[in-house]
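Okay, here's what each chain looks like letter by letter:
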Amino acid sequence: MKNVVLPAPFGPMIETIERRWASLAIVIVVVFVVVAIAAGLHQATMPQSRVETVDPRTLHLGGEFIESNLGSAVEPDGSVTVRAIGQQYSFTPQCILVPTDTPITFRVTSADVVHGFIITGTAINLMLVPGYISSIPARFSTQGERHMPCHEFCGMGHEGMWGRIKIIDKAAFAQMAANAKRLSCVQ
Ligand SMILES: [Cu+2]
């Protein structure tokens, strides 16, 4: 390679420009580090506004997550609450039924280890941690069926752990809800 010798005035000028860019790169890295530290400290010092706990050992014996209380329930205000449990290696109920155009609240917990609760094609995505109730509001505008695969590795049977959610017309749901306190599409 041939050495390129620049005319006298360019050498110092290029050096200045390089130094400037190098300083800028350092400033960017420092800003990122400061932001990461600030965000971490903020998260650590500001706990979630609401943490709900539940004893995973007694879910089946009583309380909100007893089997007869799982599924979709219509609240007095017309909204729907869906209660479900994740356990190695299935969801209960295995098929969730919800209406369109209705405010829905999912309340889900785990009976054993950490599981994932995600509804494909939506932003509904929860981590199910034993001992805690995970809750998320939702609303569906279109009918159809979606999958709910467990997306946290939970053991040998993890890949077989998935459920379904059926979104049906609001009127049809209301009709079904008139005859049953808890709804699901488990057959
Ligand atoms: Cu799982």
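Residues numbered from 1 in each chain as written. Predicted model: local features only at pLDDT ≥ 70, side-chain atom pairs only at ≥ 80, totals over all residues. Heavy atoms only, no water.

A few points about the packing of aromatic side chains
1) Next: Per the counting criterion, the structure on display carries three aromatic pairs.
2) Next: Both rings, one in Phe-106 and one in Phe-140, keep their centres 6.5 Å apart while their planes meet at 85 degrees; by these two values the pair is edge-to-face. With a gap of 34 residues between them, Phe-106 in strand 5 (residues 104-110) and Phe-140 in the loop between strand 8 (134-138) and strand 9 (144-149) connect regions that are remote in the sequence. An identical accessibility class is assigned to Phe-106 and Phe-140; each is buried. (Phe/Tyr/Trp six-rings, centres within 6.5 Å; stacked < 30°, edge-to-face > 60°. Helix = DSSP H or I, 4+ residues; strand = E, 2+ residues; numbered from the N terminus. Buried < 20%, exposed > 50% of the residue type's maximum accessible area, 1.4 Å probe, protein only.)

A word on unusual backbone geometry
1) Next: In the segment running from Gln-88 into Tyr-89, the intervening peptide bond is cis, with an omega of 0 degrees.
2) Next: Relative to the elements of secondary structure, Tyr-89 occurs in the loop between strand 2 (80-87) and strand 3 (90-92).
3) Next: Cis geometry is found at the peptide bond from Thr-92 to Pro-93, where omega equals -5 degrees.
4) Next: Counting through the fold element by element, Pro-93 comes out in the loop between strand 3 and strand 4 (95-99).

Looking at the state of the cysteines
1) Next: Tallying each qualifying case throughout the model produces one disulfide.
2) Next: Each disulfide pairs two cysteine sulfurs, and for Cys-95 the partner residue is Cys-185, the sulfurs being separated by 2.0 Å. With the S-S dihedral at roughly -90 degrees, the linkage between Cys-95 and Cys-185 falls on the left-handed side. Of this pair, Cys-95 sits in strand 4 while Cys-185 sits in the segment after helix 2 (170-177), and the two are 90 residues apart along the sequence. Summarising the burial analysis for this pair, Cys-95 and Cys-185 share the class buried. (Disulfide = S-S within 2.5 Å.)

Thoughts on the environment of Ser-79
1) Next: One can find Ser-79 in the loop between strand 1 (71-74) and strand 2.
2) Next: Overall, the relative accessible area of 13% leaves Ser-79 in the buried class.
3) Next: Sequence separation between Ser-79 and Ile-26 is 53 residues; the distance between their C-alpha atoms is 52 Å.
4) Next: For Ser-79, the residues in contact, after removing those within four places along its chain, are Ala-73, Val-74, Thr-102 and Pro-103.
5) Next: Engagement of the side chain of Ser-79 in a polar contact is seen with the side chain of Asp-77, the distance being 2.7 Å. (Contact = heavy atoms within 4.5 Å. Polar contact = N/O pair within 3.5 Å; in protein donor to acceptor, adjacent residues only side chain to side chain.)

A short note on the coordination of the copper ion
1) Next: Coordination of the copper ion by the protein involves His-115 (ND1), Cys-150 (SG), Cys-154 (SG) and Met-161 (SD), with metal-donor separations of 2.1 to 2.4 Å.
2) Next: Note that the copper ion binds four donor atoms; their angles at the metal cover 92 to 122 degrees, and the shape is tetrahedral.
3) Next: In terms of primary sequence, the donors binding the copper ion are separated according to H-x34-C-x3-C-x6-M. A residue pair is termed long-range when its members are at least 10 positions apart, and Cys-150 in the loop between strand 9 and strand 10 (162-168) and Met-161 in the loop between strand 9 and strand 10 qualify at eleven residues. No difference in accessibility class separates Cys-150 from Met-161, as the two residues are buried. (Donors = N, O, S within 2.8 Å, 3.2 Å for Na, K, Ca; no water. Tetrahedral: all angles 85-135°; square planar, octahedral: opposite > 155°, others 65-115°.)

Here we look at the sheet that holds strand 9
1) Next: Taking strand neighbours across the sheet as the criterion, the three strands line up as 4-10-9 in an open arrangement whose pairing is mixed. Where the open sheet ends on each side, the last strands, each with one partner, are strand 4 and strand 9. On average, each strand axis in the sheet is tilted by 25 degrees relative to the strand beside it, whichever way the strands run.
2) Next: Relative to strand 10, strand 4 runs parallel, the two sharing five bridges. Residue pairing across strands places Leu-97 opposite Lys-166, the latter belonging to strand 10.
3) Next: Relative to the sheet, helix 2 contacts strand 4 and strand 10, its axis offset from that of strand 4 by approximately 115 degrees. (Pairing = 2+ DSSP bridges. Axes fitted to C-alpha atoms, helices over the stretch in contact; angles between N-to-C directions.)

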